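# Fold and geometry: a report
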Amino acid sequence: MRIPRAMRAAAFDRHGGPEVLEVRDVPVPKPGPGEVLVRVEACALNRADLWVRQGIPGYPVPCPHVGGCDIAGAIASVGERVASVYAGAEVVVFPAVSCGVCVACERGETNACAERKIVGFQRPGGFAQYLCVPERNVLPRPKGLDAVRAAAVPVTFLTAYRMLFSRGALRGPETVLVT
């Protein structure tokens, strides 16, 4: 697959409403060691994306900025030292990028990583044709789940999962009724 030098992206240079978004040409990022380049097929719009665009006091966003944290696509290329995925693999992006080496990450508590950054918030997001993320941040897209439906999963699923298992301390074989 030939990867272009430039891509289209919806970006903003200042906070505000939809009027601050501008579709523009930007360079296609290059995956570094341990990273993959994802060709975006679908990116959902959720409340977090609106908050980032409008501005969250105390949480600076690097501008110009490309939002979008719920992403599904296919691997376009891989950087050095990538071993678990290959070009062409259909994936869903896990949007919380952690350092992978701190005590919290080693315990599997990536939400407690002091270096954690969210794709579409502190990192460029999926309102573009391509984005780079660490290899560990892509998950195989389930068979039978198209990109549009897959892009609706990441933040919604992670919020519910964290509520049930981290905050609610739900453990197997317990069950819970959500009304």
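Coordinates for the structure precede this section.
What counts, and at which threshold
- Throughout this description, residue numbers start from 1 for each chain and increase along the sequence as written.
- Reporting of local features is limited, given that this is a predicted model, to residues whose pLDDT is at least 70; pairs of side-chain atoms are given and counted only at 80 or more, and all residues count toward the totals for whole chains, interfaces and linings.
- Computation of side-chain values: all heavy atoms of the structure, hydrogens and water removed.
- Only DSSP runs of H or I reaching four residues or more are called helices, and only runs of E reaching two or more are called strands; each is numbered from the N terminus.
- Here the globule rule reads 2.2 Å times residues to the power 0.38, and the radius of gyration is calculated from C-alpha atoms.
- Think of it in three bands: residues with accessible area under 20% of the maximum for their type are buried, residues over 50% are exposed, and the middle band is partly exposed, with areas taken using a 1.4 Å probe on protein chains only.
- Accessible areas in this description were obtained via Shrake-Rupley with a 1.4 Å probe; residue shielding takes into account the shown protein chains only.
- Note: two strands are recorded as paired if DSSP finds a minimum of 2 bridges between them.
- Angular values range over 0 to 180 degrees, each being the angle between N-to-C directions of two axes fitted as lines to C-alpha atoms, with helices fitted over their stretch in contact.
- Stacked, edge-to-face and tilted are the three classes for Phe, Tyr and Trp ring pairs, Trp counted by its six-membered ring, which pair at centre distances within 6.5 Å; planes under 30 degrees apart are stacked, over 60 edge-to-face, the rest tilted.
- What counts as a salt bridge is simple: a side-chain nitrogen of Lys or Arg found within 4 Å of a carboxyl oxygen of Asp or Glu.
- Nonpolar cores are built from buried Ala, Val, Leu, Ile, Met, Phe, Trp, Tyr and Cys residues. Side-chain atoms within 4.5 Å join them into one set.
- We call two residues contacting when some pair of their heavy atoms lies within 4.5 Å.
- Whenever two N or O atoms come within 3.5 Å, that pair is a polar contact, provided that in protein one can donate a hydrogen and the other can accept it, and provided that, for residues adjacent in sequence, both atoms are side-chain atoms.

### Re the overall build of the chain
- A tally of regular secondary structure across the chain gives four helices and 10 strands.
- Each helix (α) and strand (β) of the chain, taken in turn from the N terminus, gives the series β-β-β-α-β-β-β-β-α-β-β-β-α-α.
- The C-alpha radius of gyration of the chain comes to 17 Å, within 12% of the 16 Å expected for a compact globule of 179 residues.
- For the chain, the spread of C-alpha atoms along the principal axes amounts to about 50 × 40 × 35 Å.
- Expressed as a percentage of the 179 residues in the chain, the buried residues total 39%.
- Carbon and sulfur atoms provide 58% of the accessible area of the chain, an area that totals close to 10700 Å².

### A short note on the sheet that holds strand S3 (residues 35–44)
- Strand order in the open sheet formed by five strands is S9-S3-S5-S6-S10, with antiparallel pairing between adjacent strands. Strand pairing shows two members of the sheet lacking a second neighbour, strand S9 (130–134) and strand S10 (138–140), which therefore form its edges. Pairwise comparison of adjacent strand axes, ignoring direction, gives a mean angle of 45 degrees for this sheet.

### A short note on the packing of aromatic side chains
- In this structure the tally under the stated criterion is one aromatic pair.
- An angle of 50 degrees between the planes, with centres 6.2 Å apart, marks the rings of Tyr 59 and Phe 121 as tilted. You can see Tyr 59 sitting in the loop between helix H1 (47–54) and strand S4 (65–66) and its partner Phe 121 sitting in the loop between strand S8 (117–118) and S9, a full 62 residues away along the chain.
- Note on Phe 121: relative accessible area 14%, which makes it buried.

### Observations regarding the sheet that holds S4
- Spatial ordering of the open sheet is given by S2-S1-S4, a layout of three strands whose pairing is antiparallel. The sheet is open, and its two edges are formed by strand S2 (22–27) and S4, each paired on a single side.
- With six bridges joining them, strand S1 (residues 6–12) and S2 adopt antiparallel strand pairing. For Met 7, the partnering residue across the bridge sits in S2 and is Val 26.

### Quick notes on the pattern of salt bridges
- Considering all chains together, one arrives at eight salt bridges under this definition.
- A salt bridge links Glu 41 to Arg 39; the nearest nitrogen and oxygen atoms lie 3.4 Å apart.
- Arg 107 is paired through a salt bridge with Glu 109; the nearest N and O atoms lie 3.0 Å apart.
- Look at Arg 107 and you get exposed, because its relative accessible area is 52%.

### Side note on the nonpolar core
- Counting 15 residues, the largest nonpolar core has Val 36, Val 38, Ile 75, Leu 131, Val 133 and Val 138 as the members making the most contacts within it.
- Broken down by secondary-structure element, the contributors of at least two residues to this core are S3, strand S5 (70–78), strand S6 (90–93) and S9.
- Here this core takes three residues from S3, the largest share from any one element.
- Setting aside chain neighbours within four positions, we find Leu 131 in contact with Pro 29, Val 36, Leu 37, Val 38, Val 40, Ile 71, Val 119, Pro 124 and Gly 125.
- In terms of nonpolar packing, the next biggest core, distinct from the first, is built from 11 residues, Met 7, Val 28, Leu 37 and Tyr 130 among them.

### Comments concerning the environment of Arg 24
- Residue position: Arg 24 is located in strand S2.
- Sequence separation between Arg 24 and Arg 8 is 16 residues, and the spatial gap between their C-alpha atoms is 5.5 Å.
- Polar contacts involving the side chain of Arg 24 include one to the side chain of Asp 13, which spans 2.9 Å.
- A distance of 3.1 Å separates the side chain of Arg 24 from the side chain of Glu 22, its partner in a polar contact.

None of this, on its own, says anything about what the molecule does.
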